[in-house]
Amino acid sequence: MAVLITGGLGHVGSWVATHLARAGRKVIICDMAAAHFDRMGLDYLEEVRDNIVLESVDVLDTHTLFETFLRYQDELEGVIHGVSVIAGPTFKTRPFRHLSINAMGTLNVYETCRLLGIKRIVNMSSGAVYGDASGQLHETTPYKATDLYGATKISGELYGDQYSETYDMDIRQARLFFVYGPGKKPSHMHAVYQAMFGPLEGLKGVHAANGRDQITDWTHVEDTAQGIVRLFDTPAVPHRHYNISCGVAVSHQRIVELVSEQLGYDSDMQLGPGPFVVRGAPLDIQRARDDLGFTPRYADIREGLEDYRRWLLGQS
Ligand SMILES: NC(=O)c1ccc[n+]([C@@H]2O[C@H](COP(=O)([O-])OP(=O)(O)OC[C@H]3O[C@@H](n4cnc5c(N)ncnc54)[C@H](O)[C@@H]3O)[C@@H](O)[C@H]2O)c1
């Protein structure tokens, strides 16, 4: 049997694929970037290459998506959907394109699964579905969109719930939050990410326009992946929505300081006033602990930063 992952070459998807493949499972990755795999530097995924099949598919190309899923239909345990344009300063620059990928792309995956009788789907959603709600964010906290990205993640959840209800499907939502760690080079990221994590890669003197006034639960990518795999593998779950994060909020400014302490020098990283994105925090992860046995390994961000630094050192 096999698991198909859309966006399986992305930061989170590549780690989900790695965890499954390390456990000896066959993984079919459908990603628009498949042709570039050899140049992506995903060393952890290259180690399990024998268990991976790569397919170049655009989730907006409904026909190719259908044909690809059809080829593997008989061996599929289910699908993990991880294609999205993620939240950040560039999201609003091409609204129609980005909303289409997130909302229509997700609908295309659900619909293809419906037509082919594939019942189990885990959709990578986001804590953005809570907007700027205050206090600990529990799965029962009402939906609130504070930006376009959040609206796409809410729509992906609503479509999923109604497909499950209407067509007897089992579509589960993993609400992820602020992911960092191996696989993502700070030098390829936006200024706020660079100001926090860049010194681990040797960057210096990044002055971001905002981000200082944000406290949130940055989560090590392997913890995120572990939670998604658990949500996929648990045979029956009592709920459709699960928060998957480290569950511990730390201020962005504190992360800048912790990185500096770890390196033993100041890299002159500065965050400007205001939040990076408007969000509440932290996510309450008790439901995932109780129902999935999810335990974040890097609840203490200092350990996550050390692991990230080790990986980045190995890249140079
Ligand atoms: N990274 C975070 O901090 C974070 C936080 C909350 C939720 N999420 C959600 O988790 C999921 C994965 O995020 P990520 O950080 O791994 O993103 P990513 O940008 O690293 O990966 C996305 C992948 O999708 C592929 N892709 C993009 N458009 C495509 C298309 N039209 N067709 C096929 N493939 C396409 C890209 O090539 C890439 O490999 C997303 O749904 C995101 O919204 C991420």
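Now for a quick tour of the structure. Remember, it's a predicted structure, so these values are computed and weren't measured experimentally. Residue positions are given per chain, counted from 1 along the sequence in the order it is written. Local features in a predicted model are, by the rule used here, given only for residues with pLDDT of at least 70; side-chain atom pairs are given and counted only at 80 or more, and totals for whole chains, interfaces and linings are based on all residues. Hydrogens and water molecules were not included; the side-chain quantities draw on all heavy atoms of the structure.

Digging into the overall build of the protein
- Only DSSP runs of H or I with at least four residues qualify as helices, and only runs of E with at least two residues qualify as strands; both kinds are numbered from the N terminus onward. Along its length, the protein carries 10 helices and 13 strands.
- In terms of overall dimensions, the protein has a C-alpha envelope of 55 × 40 × 40 Å along the principal axes.
- When accessible area is computed with a 1.4 Å probe and restricted to protein chains, residues below 20% of their type maximum are described as buried, those above 50% as exposed, and intermediate ones as partly exposed. Of all 316 residues assigned to the protein, the portion counted as buried reaches 56%.
- Contacts are residue-level and defined by heavy atoms, with any inter-residue pair within 4.5 Å sufficient. Long-range pairs, those at least 24 residues apart, make up 79% of the contacts in the protein with a sequence separation of at least 6.
- Here the accessible surface of atoms and residues is derived via Shrake-Rupley with a 1.4 Å probe, and residues count as covered only by protein chains that are part of the display. With an accessible surface of roughly 13100 Å², the protein has 50% of that area assigned to carbon and sulfur atoms.
- Positive and negative side-chain charges of the protein, numbering 30 and 39 respectively, have mean locations separated by a distance of 2 Å. Here the positive residues are Lys and Arg and the negative ones are Asp and Glu; neither His nor the chain ends is included. Charge positions are represented by NZ for Lys, CZ for Arg, CG for Asp and CD for Glu.

Examining the nonpolar core
- With 72 residues, the main nonpolar core has Val16, Leu45, Ile80, Phe197, Trp218 and Ile228 as its most contacted residues.
- In this view, Leu45 contacts Gly8, Leu9, Ser14, Ala17, Thr18, Ile29, Phe37 and Ile52; residues no more than four positions away in its chain are not counted.
- Judged by nonpolar contacts, the second largest core, of 26 residues, contains Leu4, Cys30, Leu76 and Ala128. The nonpolar core is taken to be a set of buried Ala, Val, Leu, Ile, Met, Phe, Trp, Tyr and Cys residues, with the residues joined through side-chain atoms within 4.5 Å.

So, the pairing of strand E1 (residues 2-6)
- Judged by how many residues are buried, E1 sits mostly within the fold: five of five residues are covered.
- Residue alternation in E1 divides its side chains into two sets, Ala2, Leu4 and Thr6 and Val3 and Ile5, and both sets are buried.
- We call a crossover right-handed when, viewed with the strands running away from us, the connection from the first strand over the helix to the second turns clockwise. A crossover connection joins E1 to the parallel strand E2 (residues 26-30) through helix H1 (residues 11-22); in handedness this β-α-β unit is right-handed.

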